[in-house]
Amino acid sequence: MNDNAPLNGDGPALELQDVEVVYERRGRERLRAVAGASLTVERGQIVGLVGESGCGKSSLARASVGLVPTTAGTVQFEGREVTPLTRRARPRELARLQMVFQNPYSSLNPRRKIGSQLTDALDVLGLVPSADRRGRVEELLDLVGLPASAAVRYPHQFSGGQRQRIAVARALAADPSVLVLDEPLASLDASAQAQVANLLVDLSRRLSLSLLLISHDLAIVRHVADVVSVMYLGVMVETGPARSLWSLPLHPYTEALIGAVPHPDGSGFLPEALPGEVPDPAHPPAACRFHPRCPYAFDRCSAEDPVTLAIEGDRTVACWLQAGGGPPARPAERPKSLPLLHVKE
Amino acid sequence: MEVEGLRVRLPTPRGFATVVDGIDYDVEPAQVFGVAGESGSGKTMSMLALLGLLPAGAIVEGRAAFGGQDLLRLKGNDLRAVSGRDIGMVFQDPMTSLHPMLTIGQQLTEHMRRHLGLSRRAADDRAAELLDQVRIPGPRSALHAYPHQFSGGMRQRIAIAIALACGPRLLIADEPTTALDVTVQAGILRLLDRLRRERDLSVVLITHDLAVMSSIADRISIFYAGQVVESGRRDELLRHPRHPYTRALLDALPHPEAARDTPLVAIKGAPPSPQQIPDGCRYHPRCPYAIEICTTDDPPLVPVGGRRLACHVDPFRHE
């Protein structure tokens, strides 16, 4: 247990403040993939980050572990600045901040046995004396629900779900306190998805591990995460406890995301499609970035950037429909008195 | 379309592997017929067999009656004449099914000119009309654009427009929304639903996602290891699943109204590979309800109360 005790006081495990990620593109204009986003992962907490493809969530995930440099804002891991990867050795303390990628088939070496890939991670950090390595490898495999015999097999001998568990085991080899997982459940069948999702929750609770889980699937995130942040076109539009966010979305975009989720109940419910396309992040709409697709947009939305407001019940939202400090209300309950820009079809 | 006793065997270094083992179904006009199951259950192979798209050396048995002909008996140009015109196909990843170097217009009009004998001008008009139907903004100028200029959702709409180009009576959609965001997925599902009503189109929807299935399929067949284990009307099957496998697939899904902290229920083990099909019921090694007979006898798919079910135990018959 003491292995995971906080090193620096008891601040958040991972804190991102006003982070900006800009990609310079030769011959094309620069792309601001993350345009000032903030996010906090408390110790032992599971935070889900959702949004459509192209919203910047993967860039934010990479920035949070220092894989891409930030152009503004700060990323702090247990109170320490996370610096981008360079040719120099990564500070030792940052090894406790680990990342798991979407496709374990490309992140695992196909030509080496699982055991030696896990041993590598142990060797690099010198965490375990060589006599104990085999035991630690078995322990890691056991943590992710795989038999010790998995160590002598190759990645292709496993199913997609098992490979993802191996990728998690490799991240756990560094004895991390925070795992950043980029779409770990995408491209898995329902049953494998359930297995990996349950495993992540279980690991987080057992090892008091903090998780930042990036996913486009709000339904699974609601099941797994304690807190959910919703990202749209490089900015955070809403954050709140998973349950209340799902049952009472405050931002029209969150509402649209939830309405688009199909229900497996046999009712024939046709999910609602959000009109329009995600705009080009190189040319985001002025003011509120969601206003051209928002059914409730009124004149202020196209004139002024919305401020992030605190709402009762540990929630924040960046929407002009909401009043700061007040009780949560559905977007549709607010605009009665407002001159809407366009009326929903 | 009526498919009977479809069996597909693929050559492997260790002899033939049976990937589809005796499947029957029929698809009615303006209906969406859903084929569900985990990856490797034979969903896709059973469709490729109908279009003659299996790898070389594959052996196909059975019958697939479509428009008075047996698709499985047609060869070469005869098959292409039917499958190119009357059957449209949409795949999971539009970026691999669209040609990156050809304009949208070229890809849309190729089939129309070949199968319908349209002139260039007439084909262009029809192509623009199709793009408009799948809600591509500025359809005329889209004809001159290339696939990479569109978003994933728009590319899948374009792939659907191409599949519809020759006015098919049957559309086979293999995981058409799996690679898409939910908001875009909802748009594609609504599009498919509208097309089948407006065009009397039969749709075979292949997906592992029962939530997607629930929104537009009229009838559903659940595939497991190359066989159908349960089939029936969407509402009956998803509200009252009777096969333990159907039930398990549903329990694995995050349900929007589930109570707090209900863990998802994963199915233990993994589906068998075609080389190592277990004796008896193929699902029995993973089934919590299996009894003696399940390990020895393959349960037949029999009609029970308005559906078809292949289970010796039928543990949920009274629910």
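As the structure is a computational prediction, the values presented were derived from the model and not from experiment.

Q: Explain helix 5 (residues 160–172) of chain A here, please?
A: Each turn of an α-helix holds 3.6 residues, which means side chains three or four residues apart point in the same direction. All names here are of chain A. Here helix 5 is 13 residues long and its end C-alpha atoms lie 19 Å apart, about the 18 Å a rise of 1.5 Å per residue gives. Of all the 13 residues making up helix 5, twelve are buried; the element is thus mostly covered by neighbouring parts of the structure. The set of residues buried in helix 5 consists of G161, Q162, R163, Q164, R165, I166, A167, V168, A169, R170, A171 and L172. Where helix 5 is buried, its residues contact strand 6 (97–100), helix 2 (104–107), helix 3 (114–125), helix 4 (133–143), strand 7 (178–182) and helix 6 (190–206).

Q: Can you help me understand the sheet that holds strand 3 (residues 46–50) of chain A in this one?
A: All names here are of chain A. With mixed pairing, the eight strands of this open sheet are ordered in space as 6-7-8-3-9-10-12-11. The open sheet terminates on both sides in strands that have one partner only, identified here as strand 6 and strand 11 (309–311). The sheet shows a mean angle of 20 degrees between the axes of neighbouring strands, direction not considered. Here strand 3 pairs with strand 8 (residues 210–215) via five bridges, running parallel. When the sheet's bridge partners are listed, L49 is paired in strand 8 with I214. Helix 1 (residues 57–64) contacts strand 3, strand 7, strand 8 and strand 9 (227–232) of the sheet and is inclined by roughly 155 degrees relative to strand 8. Set on the sheet, helix 9 (residues 252–259) makes contact with strand 3, strand 9 and strand 10 (235–241); between it and strand 9 the angle comes to about 105 degrees.

Q: For this particular structure, what's the right way to read the sheet that holds strand 5 (residues 69–70) of chain B?
A: Backbone-to-backbone hydrogen bonds join strands into a sheet, with any given pair of strands oriented parallel or antiparallel. Residues and elements named next belong to chain B. Taken together, the four strands give an open sheet; going across it, the order is 2-1-4-5, and neighbouring strands pair in antiparallel fashion. With one partner strand each, in any of the chains shown, strand 2 (15–26) and strand 5 form the two edges of the open sheet. Sheet analysis places strand 1 (residues 2–12) next to strand 2, joined by nine bridges and oriented antiparallel. By the bridge assignment, V3 is partnered in strand 2 with Y25.

Q: Please explain the interface of chain A and chain B as it appears in this structure.
A: When the parts come together, some accessible area is lost, and that loss is often what is quoted as the size of the interface. Contacts between the two partners involve 35 residues from chain A and, on the opposite side, 40 residues from chain B. Counting only elements with at least two residues in the side of chain A that touches chain B, the list comes to helix 6, helix 7 (218–224) and helix 9 of chain A.

Q: Where do I start with the nonpolar core in this structure?
A: The tendency in soluble globular proteins is for nonpolar side chains to be buried as a group. Core analysis: the biggest nonpolar cluster contains 195 residues, and A:V47, A:L212, A:L213, A:V237, B:A161 and B:V204 have the highest contact counts within it. In terms of residues, this core owes the most to one element, helix 7 (residues 152–164) of chain B, which gives eight residues. Two domains each put at least three residues into this core: domain 1 (2–85 + 92–246) and domain 2 (276–345) of chain A. If near-sequence neighbours (up to four positions away) are discounted, B:V204 is found in contact with B:V27, B:F33, B:V35, B:M47, B:L170, B:I172 and B:A173.

Q: Teacher, can you tell me more about the packing of helix 7 of chain B against helix 8 (residues 182–199) of chain B here?
A: Each packed pair of helices is defined by two parameters, the angle between the axes and the distance between the axes. Residue and element names in this part refer to chain B. Helix 8 packs onto helix 7 with a crossing angle of 20 degrees between their chain directions and a minimal axis gap of 9 Å. If you check the angle between helix 7 and helix 8, you find them roughly parallel. Helix 7 and helix 8 meet at a crossing whose hand is right-handed. Between helix 7 and helix 8, the contacting residues are G152, G153, Q156, R157 and I160 on the first element and V184, G187, I188 and L191 on the second.

Q: Mind showing me how you'd approach unusual backbone geometry here?
A: Negative phi characterises most residues that are not glycine, and trans characterises most peptide bonds. The phi dihedral of A:D175 is positive, around 55 degrees, even though this residue is not glycine. The topology assignment puts A:D175 in the loop between helix 5 and strand 7.

Q: Would you mind showing me how to read the domain arrangement of chain A here?
A: Residue and element names in this part refer to chain A. If you check the domain split of chain A, you get domain 1 (2–85 + 92–246) and domain 2 (276–345). With 19 residues of domain 1 in contact, the opposing surface of domain 2 contributes 13 residues. Element by element, the count of residues in the side of domain 1 that touches domain 2 is highest for strand 10, at seven residues. The residue makeup of the side of domain 1 that touches domain 2, split by class, is nine nonpolar, six polar and four charged.

Q: Would you mind showing me how to read the packing of helix 5 of chain A against helix 6 of chain A here?
A: All names here are of chain A. Taken N-terminus to C-terminus, the directions of helix 5 and helix 6 make an angle of 20 degrees; their axes are 9 Å apart at the nearest point. Judged by the inter-axis angle, helix 5 sits roughly parallel to helix 6. In the packing of helix 5 onto helix 6, the handedness of the crossing is right-handed. Contact residues: G160, G161, Q164 and R165 in helix 5; A192, Q195, V196 and L199 in helix 6. Taken together, the residues that form the contact of helix 5 with helix 6 break down as three nonpolar, four polar and one charged.

Q: I'm lost on the pairing of strand 10 (residues 227–233) of chain B in this one. Help?
A: Two faces, one strand: in a regular strand the side chains alternate between the faces of the sheet. Residue and element names in this part refer to chain B. The buried fraction of strand 10 amounts to six of the seven residues, a majority that puts the element mostly inside the structure. Looking at chain direction, strand 10 and strand 12 (residues 307–309) are connected through two bridges and run antiparallel. Each residue of the ladder has a partner; that of S231, found in strand 12, is R308.

Reading the values: the criteria
Residues numbered from 1 in each chain as written. Chains lettered and ligands numbered in written order. Predicted model: local features only at pLDDT ≥ 70, side-chain atom pairs only at ≥ 80, totals over all residues. Helix = DSSP H or I, 4+ residues; strand = E, 2+ residues; numbered from the N terminus. Expected span 1.5 Å × (residues − 1). Buried ≥ 20, exposed ≤ 12 C-beta atoms within 10 Å, placed from the backbone. Contact = placed C-beta atoms within 7 Å. Pairing = 2+ DSSP bridges. Axes fitted to C-alpha atoms, helices over the stretch in contact; angles between N-to-C directions. Core = buried A, V, L, I, M, F, W, Y, C linked by C-beta atoms within 7 Å. Domains from an automatic or database assignment. Parallel < 35°, antiparallel > 145°, perpendicular 65-115°, else oblique. Left-handed = near helix turned anticlockwise from the far one by under 90°. Nonpolar A, V, L, I, M, F, W, Y, C, P; charged D, E, K, R; others polar.

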